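Here is what each chain is made of, one letter per residue.
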Amino acid sequence: MSTRRLTVAQALITFLTRQYSERDGRRQRLVNATWGIFGHGNVAGIGQALVQSSGDMRYLQGRNEQAMVHAAVGYARQSSRLSAHAVTTSIGPGATNLVTGAALATINRLPVLLLPGDTFATRPADPVLQQLEVPSAGDVSVNDALRPVSVYFDRVTRPEALVPAALAAMRVLSDPAQTGAVTLALPQDVQAEVYDWPEEFFAERVWRVRRQAPDPDELAEAVRLVRAAERPLLVAGGGVHYSAAEEALAALADATGIPVASTQAGKGSLPYDHPCDVGGIGHTGTATADELARTADLVIGVGTRWSDFSTASATLFANPAVRFLNINVTGFDAHKLAAHPLVADARTALEGLTAALTEGDGYRVAPGYATEYGEDKERWEYRVDAAFAADEDLVRPTQAQVLGVLDALVTGEDILINAAGSLPGDLHKLWRARSRDQYHIEYGYSCMGYEIPAALGVLLADPGRPVWALVGDGTYLMNPTEIVTGVQERLPLKVVILQNHGYASIGGLSESVGAERFGTAYRFRAADGTYTGAPLPVDLAANAASLGMRVIRAKTIRDLREALAEARAADSPTCVYVETETADTVSGVPPAQAWWDVPVAGTATRTAAVKAREEYDRHAAARRRHL
């Protein structure tokens, strides 16, 4: 048997350069680059291997381990989960910094390969630097914190164990039903250990991404349910995008007239001006979609995992006779809400459903139903226009008015990235998605600090397109460091910083649940001990400039319009900074059209909390289990 003598780290990197995914005849590298920050736990192993294979495996230098995972997730999402990045760290804090990013990847079902260094397998010194000592277990390290947030975890304690571990990692990364964060923990001594590897280990492998066909009996029952429905509503989730099922969804909507709402991950499945698109659903949804949901007799979920925001914490689907039909590649999600499951690839299932529903006399919703939601949609668009409207000389615009200026500027080529704060709610209600991938909101984990590194990942996956990272001051302060990476890689990142001196989203939530905006403003401490003094003299624009970005400050709507246009045309990292109305003022965005369950204090002495509990009890009474 022919062999090749390499270290474990060299063998792993060589193996990764020979792995490909393929779907619909299109082939690409499965792991296309490796992000890394080096320390004693990976510099002599993975670090040396990356130097040795620099012509085959691209290396990207990160500044924060969590941010590197976010960048890899952004890349994977823009690549429709067909290509991924690896992330390598040292042991100790470098490894534990991966946990948040890993949780985000797994919750959003997006592939990323994590390669943290680990403590010595052979234990020549015990403990070593940064080792966690567990008196009751000698085989535990901090990397075990990654187990619950990884869909696959293995610790490679012997060279020969790399072979099955690496193959299993590729299987999971390319599996549309199982993918997420994959962790191969690599003890630092094993990384540098030499082994004679069979040449077959380095052969090119193609991992075909399956398009699972629907079971005929499940499909027949799905067709029966749709044909019997008088007020069906389809809810598009992220699985529509990952399956590239947008055209199949449009064909079904065109043929049947079934209205299509969308989750945060599914927005853009239909363009905003498609007659059947009724906007976002749930707590951050539109009045059009939520009213349809309340009266729907059949809800068709496509590629959604039905989070509490989408179901308004189990209060949205109020029709006593409502039934659910879930199309999903995972049986776990397909069975939620006691639904009839159609376990299949979204595109394949939608094509089969459309073909069956157009046979014979066909199926189409009643004209009155189509007129109803069409008129409701038109009324909602007037509310969007009102929220966006602003005088050109207005100083300190609302957040919605900033979005309105951007909305008037972009085309379907632009990509918007956001994850946390009040922006996801405003965007879900108001943004007019023009293309399948324009709307990139990470709301599975809603992780502050995701936007800037994720934008870098998107730019690496799809160079040449305008990519906007929209961040509030709270999110910016969490994780601005990857701006340096964007500057280093000469990526034309566009960052919009909205400065409102606090956590606007949580401030509003705090007020609604009786916590009186406590601890949510970025202000000096006042005499009474609360943070209600003057705003802090923090200059985020100067900070972004210090990290290498070109910064344009905008004071008025006219300034903002010119600044955004200049940033869009820029070929280098550019930041637009604008101060918006503070967290204490109304944004002009329509209020929540459905409830969200955030438990309120059961007893309190302050009036605000007592009133909030009364309101909570009123909404909570509407919760139901769909059986």
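Reading the values: the criteria
Residues numbered from 1 in each chain as written. Predicted model: local features only at pLDDT ≥ 70, side-chain atom pairs only at ≥ 80, totals over all residues. Heavy atoms only, no water. Axes fitted to C-alpha atoms, helices over the stretch in contact; angles between N-to-C directions. Helix = DSSP H or I, 4+ residues; strand = E, 2+ residues; numbered from the N terminus. Parallel < 35°, antiparallel > 145°, perpendicular 65-115°, else oblique. Left-handed = near helix turned anticlockwise from the far one by under 90°. Contact = heavy atoms within 4.5 Å. Nonpolar A, V, L, I, M, F, W, Y, C, P; charged D, E, K, R; others polar. Core = buried A, V, L, I, M, F, W, Y, C linked by side-chain atoms within 4.5 Å. Buried < 20%, exposed > 50% of the residue type's maximum accessible area, 1.4 Å probe, protein only. Salt bridge = Lys/Arg side-chain N within 4 Å of Asp/Glu carboxyl O. 1 Å grid on protein atoms, 1.4 Å probe; cavity = no way out; pocket = protein on both sides within 12 Å on 5 of 7 lines; lining within 4 Å. Points joined across faces, edges and corners; volume = space filled by probe spheres on them.

(A) Region of the structure containing the packing of helix α1 (residues 8-16) against helix α2 (residues 43-52). Close contact between α1 and α2 brings their axes to 8 Å; oriented N to C, the two are set at 50°. Taken together, the axes of α1 and α2 are oblique relative to one another. Regarding α1 and α2, the two cross each other, and that crossing is right-handed. Residues Ala9, Gln10, Leu12 and Ile13 of α1 form the contact with α2, whose own contacting residues are Gly45, Ile46, Gln48, Ala49, Leu50 and Gln52. Here the contact of α1 with α2 is composed, by residue class, of six nonpolar, four polar and no charged.

(B) Just the nonpolar core, in detail. With 54 residues, the main nonpolar core has Leu233, Leu234, Ile281, Ile300 and Phe317 as its most contacted residues. Considering each element in turn, this core owes the most residues, six residues, to helix α14 (residues 346-357). With residues near it in sequence (within four places) discarded, Leu233 still touches Ile258, Pro259, Ala261, Val278, Ile281, Ala289, Leu292, Ala293, Ala296, Leu298, Val299 and Ile300. Residues Ala33, Leu110, Cys447 and Tyr577 belong to the second largest nonpolar core, which totals 51 residues.

(C) Focus on the pattern of salt bridges. Under the counting rule described, the total for this entry stands at 42 salt bridges. Linking Arg155 and Asp144 is a salt bridge whose minimum nitrogen-to-oxygen distance equals 2.8 Å. Of this pair, Arg155 sits in strand β8 (residues 152-155) while Asp144 sits in the loop between β7 (112-118) and β8, placing them eleven residues apart in sequence. The same class applies to Arg155 and to Asp144, which are both buried.

(D) Structural view of helix α17 (residues 423-430). Burial runs high along α17: eight of the eight residues are buried. Residues of α17 that are buried include every one of Leu423, Pro424, Gly425, Asp426, Leu427, His428, Lys429 and Leu430, and no others.

(E) Structural detail: the side chain of Ser510. Following the sequence through the fold, Ser510 ends up in helix α21 (residues 504-512). Note on Ser510: relative accessible area 7%, which makes it buried. Apart from residues lying up to four places away in sequence, Ser510 is in contact with Ala515, Glu516, Arg517, Phe518 and Thr520.

(F) Local environment of unusual backbone geometry. The linkage connecting Asp126 with the following residue, Pro127, adopts the cis geometry, with an omega of 10°. You will see that Leu337, though not glycine, has its phi angle at about 60°, which is positive. Inspection of the secondary structure assignment puts Leu337 in the loop between α13 (331-334) and β17 (340-343). Look at Leu337 and you get partly exposed, because its relative accessible area is 23%.

(G) Geometry of the environment of Leu456. Summarising the element assignment, Leu456 is placed in helix α18 (residues 451-461). Using a relative accessible area of 0% as the deciding quantity, one classes Leu456 as buried. Sequence separation of Leu456 and Asn326 is 130 residues, and the distance between their C-alpha atoms is 34 Å. Excluding residues that lie within four positions of it along the chain, Leu456 makes contacts with Glu482, Thr485, Gly486, Leu491 and Leu493.

(H) Quick peek at empty space enclosed by the protein. Per the counting criterion, the structure on display carries three cavities of 30 Å³ or more. The calculated volume of the largest cavity comes to roughly 140 Å³. Forming the boundary of the largest cavity are Arg77, Gln78, Ser80, His241, Tyr242, Ala265, Arg436, Asp437, Tyr439 and His440. If you list the elements that add at least two residues to the lining of the largest cavity, you get α3 (65-78), α9 (238-242) and β19 (439-441). Considering only residue class, the lining of the largest cavity consists of three nonpolar, four polar and three charged. Put simply, the parts of the chain that give the lining of the second largest cavity at least two residues each are β14 (277-280), α15 (367-388) and α17. For the lining of the second largest cavity, the class distribution of residues is five nonpolar, three polar and six charged.

Geometric values such as these leave the question of function open.
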